[in-house]
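# Examining the three-dimensional arrangement
The lines below spell out each chain.
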Amino acid sequence: VIEQGQPEHSVVTTCAYCGVGCSFKAEMQGDRVVRMVPYKGGDANHGHSCVKGRFAFGYATHPDRLKTPMIRESIDQPWREVGWEEAIAFAAQRLKAIQAKYGRESIGGITSSRCTNEETYLVQKLVRAAFRNNNTDTCARVCHSPTGYGLKTTLGESAGTQTFDSVMQADVIVVIGANPTDAHPVFASQMRRRLRQGAELIVVDPRRIDLLKTPHHRGAQHLALRPGTNVAMINALAHVVMSEGLEDREFIAKRCDAAGYQAWREFILDPRHAPENVEAITGVPAEQVRRAARTYAQAPNGAIYYGLGVTEHSQGSSMVMGIANLAMATGNIGREGVGVNPLRGQNNVQGSCDMGSFPHELPGYQHVGNPAVRERFEAAWGVPIDDEPGLRIPNMFDAAVAGEFKALYVQGEDIAQSDPNTQHVEQALRSLECLIVQDIFLNETAKFAHVLLPGSSFLEKDGTFTNAERRINRVRKVMPPLAGKQDWEVTVDLANALGYPMHYDHPSQIMDEIAGLTPSFTGVSYARLDELGSIQWPCNEAYPKGMPTMHVEDFPIGLGQFAITDYVASDELSNRRFPLLLTTGRILSQYNVGAQTRRTHNQAWHDEDVLELHPADAELRGVRDGDWVGITSRAGQTVLRARISDRMPPGVVYTTFHHPGSGANVITTDSSDWATNCPEYKVTAVQVEKVSQP
Ligand code: SF4
């Protein structure tokens, strides 16, 4: 039921779903949200919104919300409801006992891109200062960690280069491995406006996404490549640019490292990258690739937007660097209408990475191996900091199965449902002697927990989110936390119970601490955010109001660095037992593993995941629309209903991952990005066969 009534007052806050970061007015009667109205003053959305954001308040007051902390001695025992004090003391006592028995490195913490900057900052601080190790990671590990690595290596900063509004200056829009209409709907509408004004569209994706059907657009180029062949494709596009003399020599000479460029030039001009020689790998006719490369390179302004179809591959980092190579080679960096723009799936992917949630980096992407950096944090936090990177999420799972990792604090992340190879994850979670889960619902991960700490929704806390365009937006508390505490307060309590003193009266003080330790945030404060509405970092002495377009004069590393990005075939492509390639994506009305949207009106629009199957593949297997099909990979097996669709080419099948029963991650494998361990969700070799029932 949609709540109705006349609002008494309203509070401006930020949507907690996707990386667009729309601003909303929460219209209130007392502590009750009457409705969410898109805020016209929102710098990211200018008064627009989508069906997810409008109804998001539904999950915040859902009866399934956890309101009381719970503990249990072991996971086969029933839960016991306790007060906050007892739950925190129980958790702290277990963590201390485990560290005393197994060592300092035997525990760790994972935070979420759904949480605020201040919360993620505190979790990594808890791990580094109270646990006294670097075993901290974020769920960005499984989505955009290759963006962090790839953009930092080439352009010197782990972030997108533009504002969303910049797309209105683009003459060619290139969308790679993303489906903005479903995953970033408000920005997709802006893209469509630009397409209707005459910009050209190039889509690089196995699936025929909705953007290709933009009404009143003159037609788009679709490079429908085979999953897992992105790097071969980006190299072929760059090969055309260089072999046909379409590069921007002035930009390269002025802005890029000469030696690196020469090495890359030699590499990319090798005939093995010619579209004619890559055609057998990607399945895309050479002439289509040549045409797309010319369109992009010859446009006054070419802008690239990409999503998880780029990063969630065994060559995710190579592909991100390949995109940056192409943009630098054509001079499409450093002004409006161009750039390299990752579309972040969750509301605060950018922020959770900025806040030092990675095991090798402190806030602001400052490496733990740098003594000067460590010295600054040690002085502020009053403890020594390890100079060696800690465990990444998949390393934590492996170490747990091996009996070397014994306790985990997970804030706002359902690792049992969202990480690949569910069987392995569950085995790891079952091996832990203490799993502390802090969440708003009893999620799949909580089934393996010993301590359950109720979380607070975005409507119950103060803080900030940073969207895909580096824009820091305020999150404002509109109602009291249902369980009595905001998430940051719980982390503070846990630190204090462990003997590491933390004290903050308000999240603004946490942001002040972040600003004091992070060069790109020195000008950020709640007062400045209230004054300006939002800020795109870096915000410091040089850029007191933030920086909408990055890399205008130079790169943070001085000169742009071309990277060698050789194509290496995914293990999944050579898997002959499983002849089809499964890839995954999102749908408009649902969000990630669905924990939130399944508890709103959106559930009515999409209540199950299905397997999209090309008519030719269906006929070969005697499958009709609506039949149940078994899907088997080398990791596992699941059952879904079949939907016959020609949106995918023959040989490729597709599903979403919003419902726990379907278990898409039961069949995804352990393959991961060579640089960051980001899982290869987007390519899984499978067999599909008709089954009688699930
Ligand atoms: Fe905006 Fe994304 Fe929220 Fe939709 S889900 S309202 S596009 S932030």
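Counting starts from 1 at the beginning of each chain's written sequence and moves along it residue by residue. Local features in this predicted model are restricted to residues whose pLDDT is 70 or higher, and side-chain atom pairs enter the listing and the counts only when it is 80 or higher, whereas totals over whole chains, interfaces and linings include all residues.

## Side note on the overall build of the protein
The cut-off we apply is this: Helix and strand labels come from DSSP, where a helix needs a run of H or I of at least four residues and a strand needs a run of E of at least two; each type is numbered from the N terminus. Radius of gyration: C-alpha atoms only; globule rule: 2.2 Å multiplied by the number of residues to the exponent 0.38. Three classes are used. A residue is buried when 20 or more other C-beta atoms lie within 10 Å of its own, exposed when 12 or fewer do, and partly exposed in between, with C-beta atoms placed from the backbone. A pair of residues counts as a contact when their C-beta atoms, built from backbone coordinates, are within 7 Å of each other.
Along the backbone of the protein there are 24 helices and 26 strands. Compactness check: the protein gives a C-alpha radius of gyration of 24 Å against a globular reference of 26 Å for 694 residues, within 12% of the reference. The principal-axis extents of the C-alpha atoms in the protein amount to approximately 70 × 65 × 55 Å. In the protein, which comprises 694 residues, the share counted as buried stands at 59%. Of all intrachain contacts in the protein linking residues separated by at least 6 positions in sequence, the fraction that spans at least 24 positions is 73%.

## Some thoughts on the sheet that holds strand β11 (residues 302-306)
Spelled out, the test is: Strand pairing is assigned whenever DSSP identifies at least 2 bridges connecting the two strands. To get an axis, a line is fitted to the C-alpha atoms, and for a helix only the part in contact is used. The angle between two axes follows their N-to-C directions and goes from 0 to 180 degrees.
What the five strands build is an open sheet, ordered β10-β9-β8-β11-β12; its pairing is parallel. The strands lining the two open edges of the sheet, one partner per strand, are β10 (221-223) and β12 (340-342). The mean angle between the axes of side-by-side strands here comes to 15°, regardless of whether they run parallel or antiparallel. Relative to β11, strand β8 (residues 172-176) runs parallel, the two sharing five bridges. The residue of β11 that forms the bridge with Ile176 is Tyr306.

## Some points on the site of the ligand
Worth spelling out the cut-off: Whether a residue is near a molecule or strand depends on its C-beta atom, generated from backbone atoms, being within 6 Å of that molecule or strand. The classification used treats Ala, Val, Leu, Ile, Met, Phe, Trp, Tyr, Cys and Pro as nonpolar, Asp, Glu, Lys and Arg as charged, and all other residues, Gly among them, as polar.
As a matter of local geometry, the ligand sits amid 14 residues, with Cys15, Cys18, Cys22, Cys50 and Gly53 nearest to it. Listing elements by their share of the shell around the ligand, those giving two or more residues are α1 (51-54) and α7 (185-196). Class assignment of the residues belonging to the shell around the ligand gives a composition of eight nonpolar, five polar and one charged.

## Section: the pairing of strand β16 (residues 434-439)
Burial analysis of β16 places five of its six residues in the buried class, which makes it a mostly covered element. Taken together, the five bridges between strand β15 (residues 407-411) and β16 define a ladder with parallel strand orientation. Note on β16: the bridge partner recorded for Val410 is Val437. Note: β16 against strand β17 (residues 451-454), four bridges, orientation parallel. Across the sheet, Gln438 pairs through a bridge with Leu453, a residue of β17.

## Topic: helix α14 (residues 316-329)
To keep it simple, the criterion reads: Expected span of a helix, by definition, is 1.5 Å for each gap between consecutive residues, and there is one gap fewer than residues.
In a regular helix each residue adds 1.5 Å, so 14 residues correspond to 20 Å; α14 covers 20 Å between its end C-alpha atoms and thus fits that length. When you tally the buried positions in α14, you get 14 out of 14 residues, the bulk of the element. One or two positions beyond α14, positive phi appears at Gly331, with a value near 70°.

Limitation: the analysis is restricted to geometry and does not speak to function.
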